[in-house]
Number of protein chains: 2
Amino acid sequence: MRTLAVAALTPPPFPELVSGHVDAVGHQSQRWAAELGLVSTPDALRRLDRANAAELAGRTCPDARPEQLRLLTDLFTWLFAFDDSCDDDELGQDPGRLAPIVGGLLDVLDVLGGPAPSGLATVAGPAGAALHDLCRRVRAHDTPHLLLRFANQMRDYLLALLWEAANRERSRVPAVAEYLQMRRHTGGVRPSLTLTDLVYGGGDAAHRADPRASTLDNLATDLVCWCNDIFSYEKERRQGGDGHNLVAVLARAADAPERSGLVDAAARFNAALGTYLRVESELLIDADAETIRFVTARRCWIRGSYDWSLRASRYQ
Amino acid sequence: MRTLAVAALTPPPFPELVSGHVDAVGHQSQRWAAELGLVSTPDALRRLDRANAAELAGRTCPDARPEQLRLLTDLFTWLFAFDDSCDDDELGQDPGRLAPIVGGLLDVLDVLGGPAPSGLATVAGPAGAALHDLCRRVRAHDTPHLLLRFANQMRDYLLALLWEAANRERSRVPAVAEYLQMRRHTGGVRPSLTLTDLVYGGGDAAHRADPRASTLDNLATDLVCWCNDIFSYEKERRQGGDGHNLVAVLARAADAPERSGLVDAAARFNAALGTYLRVESELLIDADAETIRFVTARRCWIRGSYDWSLRASRYQ
């Protein structure tokens, strides 16, 4: 199935790039996670190591300086560790247990990386302390609009996890349109793109609200998430997949075998890539430097996450 | 109980103001709702009329020009109509039916009031068409950071409704901390404050991300939501309240009678009002014009929603 996926997907026609700082930053990020208690068992550490957060950052943001790459890597480390903790102990299919944890993390986000009320990090546990640390470092970049956007998008991510958990609890597989929309939030891609804009210097509100730019942003988000779904489907299926994957959602909607879902998912990826390229070329006709930075960030994300998915042992 | 609530709450020490345009704007907004199909039965129209969206707008934003008041009133009309549709037919306690509707509305938000793909409004129904109209008008104000924030906050509101519906389905009453956090989103107060910033000209990212300002914003949101909970508790209880009310949450957490929950809720409101006044005075020491506009908007909201709650027949 994975071979079929690779063969069916059009490789994004952008250069494959990777930062030279991946190894160093990867070690630092793992230490950060361990010191904050984000991972506390050898098994959790092994899973995090296999996810290779630093390589994903190094591919999606190849031009970043080491400290910028570190921030992005730490965000991925956080997302992977939280994702793993949702898998452990079936937390991610129990909204009654997940909701108070999400509530605590939303309390952290509301502080926007500013001075934290005493006890805030303790209440929200290691994930809360680490999330506050991320917000604090985003705040230090002194780009308030990106700080606010990052916090908002992390909030959407956490709220979308509750939607996912409620579905899992009742073994509900969402319909295609609903899945496509919610998938934009469940993977944490939006806040990751915002941190990329922080690095590249793009993403101010005026450019971001331009209809072509927001279309491009939605397409880039979809492409990254769908690519991830397609590559991870086989592993998820082996682990008793719960239907929150584009391949499963499409197969179920068509009442067709999963192979057909895979072909459909790949066709959607390829069509969306075509649309992306068309919208991108329109946007670049009269592009200023800010727009070019915005587009560059999305190109790197589409290509980088494709290459990372191809290689990541996480999905094999 | 309602008399007890009134007696226990400290009236916010800001002037009671109301716009002179309430009646005219109220009629326009009702026509808007009817034309877009937001309300389609005499009963729905009667409920909307009793909610008095225009008076809430006229009190929370007393200095608005008629067309500005209209935008805020239409948002309230939309929120009240959607809230009523969640109550009807038990939609608001059935996440399996609510989630596809929320998904369609999130698709609308992703367009940010720009040119809509064909069929978008049809798929999302009258609520989708009306939401797109609101976004389109926010976009026309040409303050992209507020457009992006409005869309994000409406997204949070919709995702939080799914949390509420999942709780209702399993008759779950959230614990206090979780409720307090999620209440910031379930009432639609955050996007309403953003539209108020649009009117008053406040709310740029640099000011909004200031730790004192974000604390003030959180406190103002809490005060508005808690006041609403306290005044609406008796009506909700008569209608078979589901526990998503500060009074019920506090009473349950303390394993105490509801009267005790009401006293506790009022005490929390009064304490938060005291904190608000302290933070506000700190913020005003070195305030620029932008900060004054930001504070004015929150003062008007706290006082206006208190006065509206006192009078609204919706809660009697």
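Residues numbered from 1 in each chain as written. Chains lettered and ligands numbered in written order. Predicted model: local features only at pLDDT ≥ 70, side-chain atom pairs only at ≥ 80, totals over all residues. Heavy atoms only, no water.

Participant: Report on the overall build of chain A, specifying residues and quantitative values.
Facilitator: Summing up its helical and strand segments, chain A has 15 helices and 0 strands in all. Relative to the compact-globule value of 20 Å for 316 residues, chain A shows a C-alpha radius of gyration of 19 Å, a close match. With respect to the principal axes defined by its C-alpha atoms, chain A has extents near 50 × 50 × 35 Å. Per-residue burial over chain A gives 59% buried out of 316 residues. (Helix = DSSP H or I, 4+ residues; strand = E, 2+ residues; numbered from the N terminus. Rg over C-alpha atoms; globule rule 2.2 N^0.38 Å. Buried < 20%, exposed > 50% of the residue type's maximum accessible area, 1.4 Å probe, protein only.)

Participant: Can you tell me about helix α14 (residues 258-285) of chain A, naming the residues and giving the values?
Facilitator: Taking 1.5 Å per residue, 28 residues should reach 40 Å; α14 of chain A reaches 41 Å between its end C-alpha atoms and fits that length. Along α14 of chain A, the positions that sit buried rather than exposed are Gly-261, Leu-262, Ala-265, Ala-266, Phe-269, Ala-272, Leu-273, Tyr-276, Val-279, Glu-280 and Leu-283 of chain A. (Expected span 1.5 Å × (residues − 1).)

Participant: Run through the relation of the copies chain A and chain B, naming residues and quoting values.
Facilitator: With an RMSD of 0.0 Å, the operation that places chain A on chain B is a rotation of 180 degrees combined with a shift of 0.0 Å along the axis. Considering both components of the superposition, the chain copies are consistent with a two-fold axis. Same-surface contact between copies: 100% of interface residues of chain A are shared with the interface of chain B. (Least-squares fit on C-alpha atoms with pLDDT ≥ 70 in both. Contact = heavy atoms within 4.5 Å.)

Participant: Any details on the nonpolar core? Residues and values, ideally.
Facilitator: One recurring pattern in soluble globular proteins is that nonpolar side chains are buried together. Core analysis: the biggest nonpolar cluster contains 213 residues, and Trp-78 and Phe-82 of chain A together with Trp-78 and Phe-82 of chain B have the highest contact counts within it. When sequence neighbours within four positions are dropped, the list of residues in contact with Trp-78 of chain A reads Trp-32, Leu-38, Leu-105, Ala-127, Ala-130, Leu-131, Leu-134, Met-154, Tyr-157 and Leu-158 of chain A. (Core = buried A, V, L, I, M, F, W, Y, C linked by side-chain atoms within 4.5 Å.)

Participant: Go over empty space enclosed by the protein, please, and point to the residues and values.
Facilitator: Under the defined criterion, the tally for this structure stands at 8 cavities of 30 Å³ or more. Computed from the structure, the largest cavity encloses a volume of approximately 270 Å³. Along the wall of the largest cavity there are 20 residues; nearest its centre are Arg-149 and Arg-208 of chain A together with Leu-148, Arg-149 and Asn-152 of chain B. Of all the elements in the fold, those that place two or more residues in the lining of the largest cavity are α8 (144-169), α11 (205-208) and α12 (211-238) of chain A together with α6 (95-110) and α8 (144-169) of chain B. Considering each element in turn, the lining of the largest cavity owes the most residues, 6 residues, to α8 of chain B. Along the lines of polarity and charge, the residues of the lining of the largest cavity split into 7 nonpolar, 7 polar and 6 charged. As a volume, the second largest cavity reaches approximately 170 Å³. Lining the second largest cavity are 14 residues, with Leu-112, Leu-148, Asn-152 and Arg-155 of chain A together with Arg-208 of chain B sitting closest to its centre. Every element with two or more residues in the lining of the second largest cavity is listed here: α6 (95-110) and α8 of chain A together with α8 and α12 (211-238) of chain B. (1 Å grid on protein atoms, 1.4 Å probe; cavity = no way out; pocket = protein on both sides within 12 Å on 5 of 7 lines; lining within 4 Å. Points joined across faces, edges and corners; volume = space filled by probe spheres on them. Nonpolar A, V, L, I, M, F, W, Y, C, P; charged D, E, K, R; others polar.)

Participant: Pulling in residues and values, what's your account of the interface of chain A and chain B?
Facilitator: Each partner contributes residues to the interface: chain A has 40 residues there, and chain B has 40 residues. Both sides together, the interface formed by chain A and chain B hides about 3200 Å², and carbon and sulfur atoms give 59% of it. For chain A, the biggest contributors to the area lost against chain B are Asp-110, Leu-159 and Gln-181 of chain A; these three give 16% of the whole. For Arg-155 of chain B, the salt bridge identified is with Asp-156 of chain A, shortest N-O distance 3.4 Å. Linking chain A with chain B are 16 residue pairs in polar contact (both at pLDDT 80 or more), by the criterion used here. (Buried area = accessible area lost by both parts, 1.4 Å probe. Salt bridge = Lys/Arg side-chain N within 4 Å of Asp/Glu carboxyl O. Polar contact = N/O pair within 3.5 Å; in protein donor to acceptor, adjacent residues only side chain to side chain.)

Participant: Tell me about the environment of Tyr-276 of chain A, and please be specific about residues and values.
Facilitator: Residues and elements named next belong to chain A. Among the structural elements, Tyr-276 can be located in helix α14. Exposure remark for Tyr-276: the relative accessible area of 0% places this residue in the buried category. The spacing of Tyr-276 and Asp-217 is 59 residues in sequence and 9.2 Å in space, taken between C-alpha atoms. Tyr-276 has contacts with Phe-14, Leu-216, Leu-219, Ala-220, Leu-223, Val-295, Arg-298, Arg-299 and Ile-302, leaving out every residue within four places of it along the chain.

Participant: Talk me through the pattern of salt bridges; I want residue IDs and the actual numbers.
Facilitator: Taken as a whole and judged by the stated rule, the model has 66 salt bridges over all chains. Residue Arg-46 of chain A is joined to Asp-43 of chain A by a salt bridge in which the shortest nitrogen-to-oxygen separation is 3.5 Å. With Arg-46 of chain A and Asp-43 of chain A both in helix α3 (residues 42-51) and 3 residues apart, this pair spans about one turn of that helix. Judged by relative accessible area, Asp-43 of chain A falls into the partly exposed class, the value being 40%. Between Arg-212 of chain A and Asp-210 of chain A there is a salt bridge, with its nearest N and O atoms 3.5 Å apart. For Arg-212 of chain A, a relative accessible area of 30% gives the class partly exposed. One continuous salt-bridge network, built from bridges that share partners, spans Asp-110 and Arg-155 of chain A together with Asp-156, Arg-184, Arg-190, Asp-197, Arg-208, Asp-217, Asp-222 and Arg-298 of chain B.

Participant: For unusual backbone geometry, give the residues involved together with the corresponding values.
Facilitator: All names here are of chain B. Despite not being glycine, Asn-52 has its phi angle at roughly 55 degrees, a positive value. Note that Asn-52 resides in the loop between α3 (42-51) and α4 (53-60). Its identity is not glycine, yet Ser-171 carries a phi of approximately 50 degrees, on the positive side. In this fold, Ser-171 is placed in the loop between α8 and α9 (176-186). Residue class for Ser-171 comes out exposed when judged on its relative accessible area of 67%.

Participant: Residue-level account of the confidence of the model for chain A, with values.
Facilitator: Within chain A, residue pLDDT values average 92, and 98% of them lie at 70 or more. Both scores are available for the predicted complex, with the pTM at 0.96 and the ipTM at 0.95. (pLDDT = per-residue confidence, 0-100.)

Participant: Can you break down the side chain of Ser-19 of chain B residue by residue, with the values?
Facilitator: Residue and element names in this part refer to chain B. By the secondary structure assignment, Ser-19 is in the loop between α1 (2-8) and α2 (22-35). Within the structure, Ser-19 has its side chain in polar contact with the backbone nitrogen of His-21 (distance 2.9 Å). For Ser-19, the residues in contact, after removing those within four places along its chain, are Gly-58, Pro-62 and Leu-69.

Participant: Pulling in residues and values, what's your account of the environment of Asp-210 of chain A?
Facilitator: Residues and elements named next belong to chain A. Structurally, the position occupied by Asp-210 is in the loop between α11 and α12. Residue classification places Asp-210 among the partly exposed residues on the basis of a relative accessible area of 24%. Separated by 33 residues in sequence, Asp-210 and Gly-243 place their C-alpha atoms 34 Å apart. Among the polar contacts made by the side chain of Asp-210, one reaches the main-chain amide nitrogen of Arg-212 at a distance of 2.8 Å.

Participant: Mind laying out α2 of chain B, listing which residues take part and the relevant values?
Facilitator: The α-helix advances 3.6 residues per turn, and as a result positions three or four apart in sequence lie on the same side. All names here are of chain B. In this model α2 runs 20 Å from its N-terminal to its C-terminal C-alpha over 14 residues, within 8% of the 20 Å that 1.5 Å per residue would give. What α2 keeps buried is the set Val-22, Val-25, Gly-26, Ser-29, Trp-32 and Ala-33. What you see down the axis of α2 is that its buried residues fit within an arc of 125 degrees, all on one side. Exposed residues on α2 whose side chains face more than 90 degrees from its buried face are Asp-23, His-27, Arg-31 and Glu-35. In the segment just after α2, Gly-37 is the residue with positive phi, at about 80 degrees. (Arc of directions from axis to C-beta.)

Participant: So, the packing of aromatic side chains: which residues are in play, and what are the values?
Facilitator: Summed over all chains, the structure comprises 12 aromatic pairs over all chains. Aromatic side chains Phe-80 of chain A and Trp-308 of chain A sit 5.8 Å apart centroid to centroid with 10 degrees between the ring planes, which places their arrangement in the stacked category. Here Phe-80 of chain A, found in helix α5 (residues 66-87), pairs with Trp-308 of chain A, found in helix α15 (residues 289-311); they are 228 residues apart in sequence, far enough to count as distant. Like Phe-80 of chain A, the residue Trp-308 of chain A is buried in the burial classification. With 6.2 Å between their ring centres and 70 degrees between their planes, Phe-14 of chain B and Tyr-276 of chain B make a pair best called edge-to-face. Of this pair, Phe-14 of chain B sits in the loop between α1 and α2 while Tyr-276 of chain B is found in helix α14 (residues 258-285), placing the two residues 262 residues apart along the sequence. Judged on exposure class, the residue Phe-14 of chain B and its partner Tyr-276 of chain B are both buried. Through pairs of rings, three or more aromatic residues link up here, namely Trp-78, Phe-82 and Tyr-157 of chain A. If you follow Arg-298 of chain B out to its NZ or CZ, it ends over the ring of Phe-294 of chain B, 3.7 Å from the centre. (Phe/Tyr/Trp six-rings, centres within 6.5 Å; stacked < 30°, edge-to-face > 60°. Lys NZ or Arg CZ within 6 Å of the ring centre and 35° of its normal.)

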